[in-house]
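Fold and contact review
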Amino acid sequence: MSARIGPAGIGRSSVPLGTYYAVLIAMLYVPLAILLLFSLTRGGGLSFPLGPLSLDSYASVLSSDALLSSARNSVIVGIGSSTAATALGTMVAILMLRYQFRGQRLLVALAILPLIVPFVVLGVALLVLFRAVGMPLSLWTVGAGHAVVAIPFVLLIVAARLNGVDPRLEEAAMDLGATYPVTLVRVVLPIIAPALVSAWLTAFTVSFDEFALALFLAGPSPTFPVYLYSQLRFASRFPVLIAMAVLLMIGTLALVLVAERIRRLRT
Amino acid sequence: MLGRRSTFWLLTIPPLLWLLLFFVAPVILMGLMSVREDVGRSFFNFPKPTLDQYGIVLEETSYLRLLGLSAFMALVVGVVATALAFPIAYFLTFRAGERANFYLILLLIPFWTSYLLRVMAWKLMLGSEGVVNSFLVWTGAIHSPLEFLLYNRGTVIVTLVYVWIPFAVLPIYAAMARIDRPLLEAAADLGAGPWPRFWRVTLPLAMPGAVAAFFMVFIPTIGEYVTPLLVGGSSGSMYGNLIQDFFTKSADLPLGSALAVVMLAVTIALVAIAARLINVRRFAAL
């Protein structure tokens, strides 16, 4: 998105709004800075005056098996659910823009609706389902729920891109003898690839940080947010937990920034 | 050969099945659970349906009052977060110039930080042994920690606003960035000063984004239970905590389901009314 500077907006000076932005950013980062400071203290107390700082908690991340396995669980659920959601949401996007059929609006509405259902409601509803059919809670049950809540995001991102693709390209491919599935895979998907990447990453970040659903559905193998929550009452565990979260955040951030680069290169 | 027509089912069945299994079926089963007297031994051994649970929801006035209060809190959080986000979107669109993307990413980094930890950070700041209190005691400004900083509705609202501001900027920024600059130039040529241009051109065109931002904050907030759990204490709990309690602590699934059905109905009704009020078509055209 490029914003041209013109005779637009109120006044010319960027000082008042720039100051507002700076103050707000500072307020957003203060709690994060406190977290970071916390991860550098020993023993979990953060009160004035500050004690000596150390990187111990970052080292002990690697020696905590439960912590590492919860992070691994989150990665598994994230990859699985965002892959499923990307595939399913893209199918709905194609159905929405390339077909006309009875019940089309209903299907699209159904795929968008998870966006307005409060997570606590969906969480307990899924819990009722899994109990009713006697399915034990696992990473699968968390993943199923995460895929449902990610489908609307995928649909919106992919449909926006597909909307700009000329349907005549598909007709040309089919005139040249390609079946429709082949046309989708070899013509349409490559064109909308940047949107697919961006949809997948959005779904992944939604799943990776999701707690409200996962608390109900995780069962014996917690995802990272669920594990984090279970440990929050032990103040002494804090620095290690935050250290882990900081490391995960750096990873996510790198992923997002790299993907953004890829998306720009292609477009 | 597989044409468009025969591909149709290939594309329809997977998403339809998934949504029916993991979205529609759970909601229906939850509805069925809410008209049961108790959980019983097997779910599929249907007893005679009863509306007792809904009777309890209506009779126990504190439940519905908490729902009203949660809707009110969501309203406050939505309005405040949108209002605080609006000038940021304006800054990014009209003032930041080429560095807009950098400023946007700087704004979004907190949003990519663990939600639980961002909420926890407020507990660390406001708790009786937290940063604020220990700092004030250390400087001698106060003698004993201030207890009112944490565990009440105000703290929940402040924390939620903090959590949602970066997210609220996005739809407003998207709407503003699409405003045609020639429109503003035309308004200027026709003699409109900066403020009339803002009130009569920029604001109306950015409004759909602001409304979208409000709802993107309001909807998750009305069903919120995590933030009250961490910084709300017993006096700051929300309707979502009630539902969560019935499914975990007291394991009264039928009553919990009835409460969840009420919450779902209220949320969908509010969104439907809003969609009617703000003319969705005009939005889509923008």
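Going along each chain's sequence as written, the residues are numbered from 1 onward. Each chain is given a letter, starting from A, and each ligand a number, starting from 1, according to the order in which they appear as written. Confidence filtering applies because this is a predicted model: local features only for residues at pLDDT of at least 70, side-chain atom pairs given and counted only at 80 or more, and all residues used for totals across whole chains, interfaces and linings.

**Brief notes about the overall build of chain B**
By definition, any uninterrupted DSSP run of H or I lasting at least four residues is a helix, any uninterrupted run of E lasting at least two residues is a strand, and each is numbered from the N terminus. Counting secondary structure elements, chain B contains 13 helices and zero strands. Along chain B, from the amino end to the carboxyl end, the secondary structure elements read α-α-α-α-α-α-α-α-α-α-α-α-α. Since a compact globule built from 286 residues should have a radius of gyration of about 19 Å, the 24 Å found for chain B marks it as more spread out than a globular shape. Across its three principal directions, the C-alpha atoms of chain B cover 80 × 75 × 40 Å. Comment: burial labels come from other C-beta atoms within 10 Å of the residue's own C-beta, placed from the backbone, where a count of 20 or more is buried, 12 or fewer is exposed, and between is partly exposed. Relative to its full complement of 286 residues, chain B shows a buried share of 43%. The globule rule used for comparison is 2.2 Å times the number of residues to the exponent 0.38, while the radius of gyration itself is calculated over C-alpha atoms.

**Digging into the overall build of chain A**
Summing up its helical and strand segments, chain A has 12 helices and zero strands in all. When the elements of chain A are put in sequence order from the N terminus, they spell out α-α-α-α-α-α-α-α-α-α-α-α. In chain A, which comprises 267 residues, the share counted as buried stands at 42%. Sequence separation of 24 or more characterises 77% of the internal contacts of chain A that already satisfy a separation of 6 or more. Here contacts are defined at the residue level, using C-beta atoms placed from the backbone and a cut-off of 7 Å between them.

**Looking at the interface of chain B and chain A**
Contacts between the two partners involve 84 residues from chain B and, on the opposite side, 74 residues from chain A. By residue number, the principal contributor to the side of chain B that touches chain A is helix α1 (residues 4–34) of chain B, which donates 19 residues. Of the residues assigned to the side of chain B that touches chain A, the class counts are 64 nonpolar, 14 polar and six charged. The nonpolar class holds Ala, Val, Leu, Ile, Met, Phe, Trp, Tyr, Cys and Pro. Asp, Glu, Lys and Arg form the charged class, and all remaining residues, Gly among them, are polar.

**Describing helix α11 (residues 224–231) of chain A**
Two residues of an α-helix separated by three or four positions point the same way, owing to the 3.6 residues in each turn. Of all the eight residues making up α11(A), six are buried; the element is thus mostly covered by neighbouring parts of the structure. If you check which residues of α11(A) are buried, you get Phe224(A), Pro225(A), Val226(A), Tyr227(A), Leu228(A) and Tyr229(A).

**Comments concerning the environment of Tyr20(A)**
Its location among the elements puts Tyr20(A) in helix α1 (residues 15–39). Overall, the presence of 15 C-beta atoms within 10 Å leaves Tyr20(A) in the partly exposed class. If near-sequence neighbours (up to four positions away) are discounted, Tyr20(A) is found in contact with Pro87(B) and Phe91(B).

**Thoughts on the domain arrangement of chain A**
Where each domain begins and ends is defined by an automated method or by a domain database. In terms of domains, chain A is made up of domain 1 (15–54) and domain 2 (65–266). On a C-alpha basis, the centres of domain 1 of chain A and domain 2 of chain A stand 32 Å from each other.

**Brief notes about the nonpolar core**
If you look at the biggest cluster of nonpolar residues, it comprises 156 residues, and the most contacted ones within it are Val124(A) and Ile172(B). Each of domain 1 (15–54) and domain 2 (65–266) of chain A gives at least three residues to this core. Among residues more than four places away in sequence, those in contact with Val124(A) are Phe216(A), Met30(B), Ile243(B), Phe247(B), Gly256(B) and Ala260(B). Each nonpolar core comprises buried Ala, Val, Leu, Ile, Met, Phe, Trp, Tyr and Cys residues, the members being joined through C-beta atoms within 7 Å.

**Structural notes on the environment of Trp112(B)**
Its location among the elements puts Trp112(B) in the loop between α4 (100–108) and α5 (115–126). Sequence separation between Trp112(B) and Pro166(B) is 54 residues, and the spatial gap between their C-alpha atoms is 9.9 Å. In contact with Trp112(B), other than residues within four places in its own chain, are Thr205(A), Met249(A), Thr252(A), Leu253(A) and Val256(A).

**Topic: the confidence of the model for chain B**
The quantity called pLDDT is the predictor's confidence in a given residue, expressed from 0 to 100. Scored by pLDDT, chain B comes out at a mean of 87, with 96% of its residues at no less than 70. Across the whole predicted complex the pTM is 0.88, and at the interface the ipTM reaches 0.88.

**Overview of the confidence of the model for chain A**
Averaged over all residues, the pLDDT of chain A equals 86, while 89% of them reach at least 70. Note on residues 1–8 of chain A: pLDDT under 50 across the span, and 17 contacts to partners over four residues away in sequence or across chains.

**So, the packing of helix α5 (residues 119–132) of chain A against helix α12 (residues 253–277) of chain B**
The geometry of α5(A) relative to α12(B) is characterised by a closest axis approach of 10 Å and an angle of 140 degrees between their N-to-C directions. Comparing the axis directions of α5(A) and α12(B) gives the class oblique. The handedness of the crossing between α5(A) and α12(B) comes out as left-handed. Counted together, Val121(A), Val124(A), Ala125(A) and Val128(A) of α5(A) and Leu253(B), Gly256(B), Ser257(B), Ala260(B), Met263(B) and Leu264(B) of α12(B) form the full contact between these two elements. An axis is simply a line fitted to the C-alpha atoms; with a helix, the fit covers only the stretch in contact. Between two such axes, the angle follows the N-to-C directions and lies from 0 to 180 degrees. When an angle is under 35 degrees it counts as roughly parallel; over 145 it counts as roughly antiparallel; between 65 and 115 it counts as roughly perpendicular; any other value is oblique. For any helix crossing, the convention is left-handed if the near helix is rotated counterclockwise from the far helix by under a right angle, and right-handed if that rotation is clockwise.

**Structural notes on the environment of Ala174(B)**
Along the chain, Ala174(B) turns up in helix α7 (residues 153–177). Separated by 111 residues in the primary sequence, Ala174(B) and Tyr63(B) place their C-alpha atoms 38 Å from one another.

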